[in-house]
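Examining the three-dimensional arrangement
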Amino acid sequence: MSKKKKEQFIMVMIRNTDMVPPDEWGMTVSYSIDQLGVVEAMRRAEKFIDLNSPMFKNIDYKLQGGEW
């Protein structure tokens, strides 16, 4: 049985700065590098942050790579 290659993603991680514990991050959306390419995945992730950050002043954002 062969193993399926894991897909690579750019993930937009968020945390609510008003909640405890402050260091807990959660993924809100991800973009596939394998399907979109790294440049387009990054562009979409950055656009997501640009569109959402003005609306949610108590949310921090960061980008993270991952696979599954």
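Everything numeric here is computed off the predicted structure, so don't read it as measured data. (Residues numbered from 1 in each chain as written. Predicted model: local features only at pLDDT ≥ 70, side-chain atom pairs only at ≥ 80, totals over all residues. Heavy atoms only, no water.)

1. Details of the side chain of N52
Counted only if it meets this: Numbered from the N terminus, helices here are DSSP runs of H or I no shorter than four residues, and strands are runs of E no shorter than two. Distance and chemistry together define a polar contact, namely a pair of N or O atoms within 3.5 Å, with one atom able to donate a hydrogen and the other to accept it when in protein, and with adjacent residues in sequence counting only for side-chain atoms on both sides.
Relative to the helices and strands, N52 is located in helix α2 (residues 38-52). Within the structure, the side chain of N52 is placed 2.8 Å from the backbone oxygen of F48, a separation counted as a polar contact.

2. Some remarks on the sheet that holds strand β1 (residues 8-16)
To keep it simple, the criterion reads: When DSSP finds at least two bridges between two strands, those strands are taken to pair. Here an angle of 0 to 180 degrees is reported between the N-to-C directions of two axes, which are lines fitted to C-alpha atoms, with helices fitted over the stretch in contact.
Pairing is antiparallel across the open sheet formed by three strands, whose spatial order is β2-β1-β3. The two strands at the open ends of the sheet, each matched to only one other strand, are β2 (26-32) and β3 (59-67). Sheet twist, expressed as the mean angle between neighbouring strand axes with direction ignored, is 25°. Relative to β3, β1 runs antiparallel, the two sharing nine bridges. Within β3, the residue paired with F9 across the bridge is G66.

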